[in-house]
Amino acid sequence: MAQAVRRNSSAHWKATDLSHHIHPFTDQHALPGQGVRVIVRAEGTYLFDSDDNKLLDAFAGLWCVNVGYGRKEIAQVAYDQMVQLPYYNTFFKTTTPPTAELGKVLADLAPKQLNHVFYGLSGSDANDTICRMVRHYWNVLGKKTKKTIISRQNGYHGSTMASASLGGMKAMHEVGDLPLPGFVHIMQPYWFGQGGDMPPDEFGLKAARALEEKILELGADNCAAFIGEPIQGAGGVIIPPASYWPEIQRICKKYDLLLIADEVICGFGRTGHWFASEYFKIEADFMTMAKGLTSGYLPLSGLMVSDRVFAVIGGDKAGELTHGYTYSGHPACCAVAIENIRIIRDEGLVEKVRDVTGPYLAKRLKELHDHPLVGETRNLGLIGAIELVKDKATRKTFEPLGDVGLICREHCFKSGLVMRATRDTMLISPPLTWTKANVDEFMTLTRKALDLTLADVRKKGLL
Ligand code: PXG
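Residues numbered from 1 in each chain as written. Predicted model: local features only at pLDDT ≥ 70, side-chain atom pairs only at ≥ 80, totals over all residues. Heavy atoms only, no water.

Describing the overall build of the chain
Along the chain, the regular secondary structure elements total 18 helices and 15 strands. The C-alpha radius of gyration of the chain comes to 22 Å, within 12% of the 23 Å expected for a compact globule of 463 residues. Expressed as lengths along the three principal axes of its C-alpha atoms, the size of the chain is roughly 65 × 60 × 45 Å. The burial tally for the chain puts 55% of its 463 residues in the buried class. Here the analysis covers contacts within the chain between residues at least 6 apart in sequence; of these, 71% occur between residues at least 24 apart. Total accessible area on the chain is roughly 20400 Å²; 56% of this is exposed by carbon and sulfur atoms. If the 52 positive side-chain charges of the chain are averaged to one point and the 51 negative ones to another, these points end up 1 Å apart. (Helix = DSSP H or I, 4+ residues; strand = E, 2+ residues; numbered from the N terminus. Rg over C-alpha atoms; globule rule 2.2 N^0.38 Å. Buried < 20%, exposed > 50% of the residue type's maximum accessible area, 1.4 Å probe, protein only. Contact = heavy atoms within 4.5 Å. Areas by Shrake-Rupley, 256 points an atom, 1.4 Å probe, with all protein chains shown as cover. Lys, Arg positive; Asp, Glu negative; His and termini not counted. Charge placed at Lys NZ, Arg CZ, Asp CG, Glu CD.)

This is the structure we're talking about:
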């Protein structure tokens, strides 16, 4: 039976999928006309689809496969744990060995004030949990008006009602009448797109001070927390000017707001540091982790809670924390996370990204500045972006925004490369196992895709 299915696999899977599967972030009506791609296996940094195409994955799945594909050690750990104890809950004063062990591993790795962890299965549910904990914290302290959470336009924090409200993407708010009350947004620190003639550091201060303005408008007594991705990922790999985070930190301290660092993409070595909070010197009260925590081998998220916050929500006035998921602290997922972190550590991937592949990617990306479409390249470690613009000197974008990015993404696929586009910004986030040779291969494929894109853009009269 399995054999029969496999024989006509590609067409069969595509048709079956289109009949039943509702895809995330997809125009359901248009999909049948566009078709789906079926990924059937992967090894290292390469994907193989059901039509026998081999693709260099410059996106690590979805910003998550930090240790690369095909790690038998991780599969073995999952297998062993499932045989030993496939599941048990962490409610009712119970735990499992990997659940307990991972907490210690994470507390040792995370910035020093973060020593307590709550587990979920996705970045979205972790951020939802944070919203509840933030309110709970201020309620326990008797400051019951401190409710509003401030985040950024074009930030991404997940897809549940609360996490999509934290996010600042208009298109997401349109699905489900968001944001919910109590969630407001300020400008993002996107110098390339919005900085105009301002020097980056001056612009960074302006973007940070939008937080102060918002707090003064709402009243500090009504403001509970600020959340931000150290580097915005889905929004376009927006690396804030150096002046930004210290000013945000100062403002949060001054007005007594909790600071939440969403490290779902930035964490576990992506930037050449275990967490981008180290690089930007962010001292967060909550830190969201997912994706690279398990390299996507199994779903798991965690939120680290600071000693200061835990003293309150774990204190004698807090009562029961009536919150949790059936799979909070799932033993197989936690065992996989421990093994994944062991690999990152034993193979020196964080240092390699910081000292070797990150700087090398930066150097090679700069070579693209001679390309007529490229307005800027930027990266920190192995997270980066290539901005495609109509006019390099003025940073003027194409109209409508997004078409050129999609053309480029298609040329990437056809050239054997997976690179994501946000607007007309191409995004890079490969496995941390990339060597300099992988960067070279990526550059060759990228230049080819950019040249083909340029030809199309000229043909369409867009340039
Ligand atoms: N926070 C951040 C910073 C994220 O990037 C989430 C939270 C939510 O995580 P879950 O596990 O619930 O998906 C994310 C997820 C994209 C894209 O197109 C990015 C994400 C998810 C889906 C698509 O770049 N990031």
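Let's pick the thread back up.
Regarding helix α18 (residues 436-459)
With 24 residues, α18 extends 35 Å between its outermost C-alpha atoms, agreeing within 8% with the 34 Å of an ideal straight helix rising 1.5 Å per residue. The complete set of buried residues in α18 reads Asn438, Val439, Phe442, Met443, Leu445, Thr446, Ala449, Leu450, Thr453, Leu454, Asp456 and Val457. Just downstream of α18, Gly461 is the residue with a positive phi angle, here 70°. (Expected span 1.5 Å × (residues − 1).)

Comments concerning the site of the ligand
Neighbouring residues of the ligand: 16 residues in total, closest Trp63, Gly123, Ser124, Asp262 and Arg420. At 2.8 Å, a side-chain N or O of Trp63 approaches an oxygen atom of the ligand. Measuring from a nitrogen atom of the ligand, one finds a side-chain N or O atom of Lys291 at 3.2 Å. Secondary structure elements with two or more residues in the shell around the ligand: α4 (60-63) and α7 (123-140). A per-element tally of the shell around the ligand places α7 first, with three residues. For the shell around the ligand, the class distribution of residues is six nonpolar, six polar and four charged. (Near = heavy atom within 4 Å. Polar contact = N/O pair within 3.5 Å; in protein donor to acceptor, adjacent residues only side chain to side chain. Nonpolar A, V, L, I, M, F, W, Y, C, P; charged D, E, K, R; others polar.)

Concerning the domain arrangement of the chain
Each assigned domain of the chain is listed here: domain 1 (37-67 + 348-459) and domain 2 (72-346). Overall, the association of domain 1 and domain 2 removes approximately 2800 Å² of surface from exposure, summing both partners, and the carbon and sulfur fraction of that is 60%. For the side of domain 1 that touches domain 2, the secondary-structure elements that each account for two or more residues are α4, α16 (349-366), β11 (374-380), β12 (383-388), β14 (420-422) and β15 (425-428). Top contributing element to the side of domain 1 that touches domain 2 by residue count: β11, with five residues. Of the residues in the side of domain 1 that touches domain 2, the class split is 17 nonpolar, nine polar and seven charged. (Domains from an automatic or database assignment. Buried area = accessible area lost by both parts, 1.4 Å probe.)

Focus on unusual backbone geometry
Of the consecutive residues Leu178 and Pro179, the connecting peptide bond is found in the cis state with omega at 0°. The omega angle of the peptide bond from Glu399 to Pro400 is -10°, so this bond is cis rather than trans. In this structure, Pro400 sits in the loop between β12 and α17 (403-415). Its identity as a non-glycine residue notwithstanding, Trp63 has a phi of 65°, on the positive side. Looking at where Trp63 falls in the secondary structure, it is placed in helix α4. When its relative accessible area of 3% is taken as the criterion, Trp63 is described as buried. If you check the backbone angles, Phe268 has positive phi at about 60° while not being a glycine. Inspection of the secondary structure assignment puts Phe268 in the loop between β8 (258-262) and α13 (276-280).

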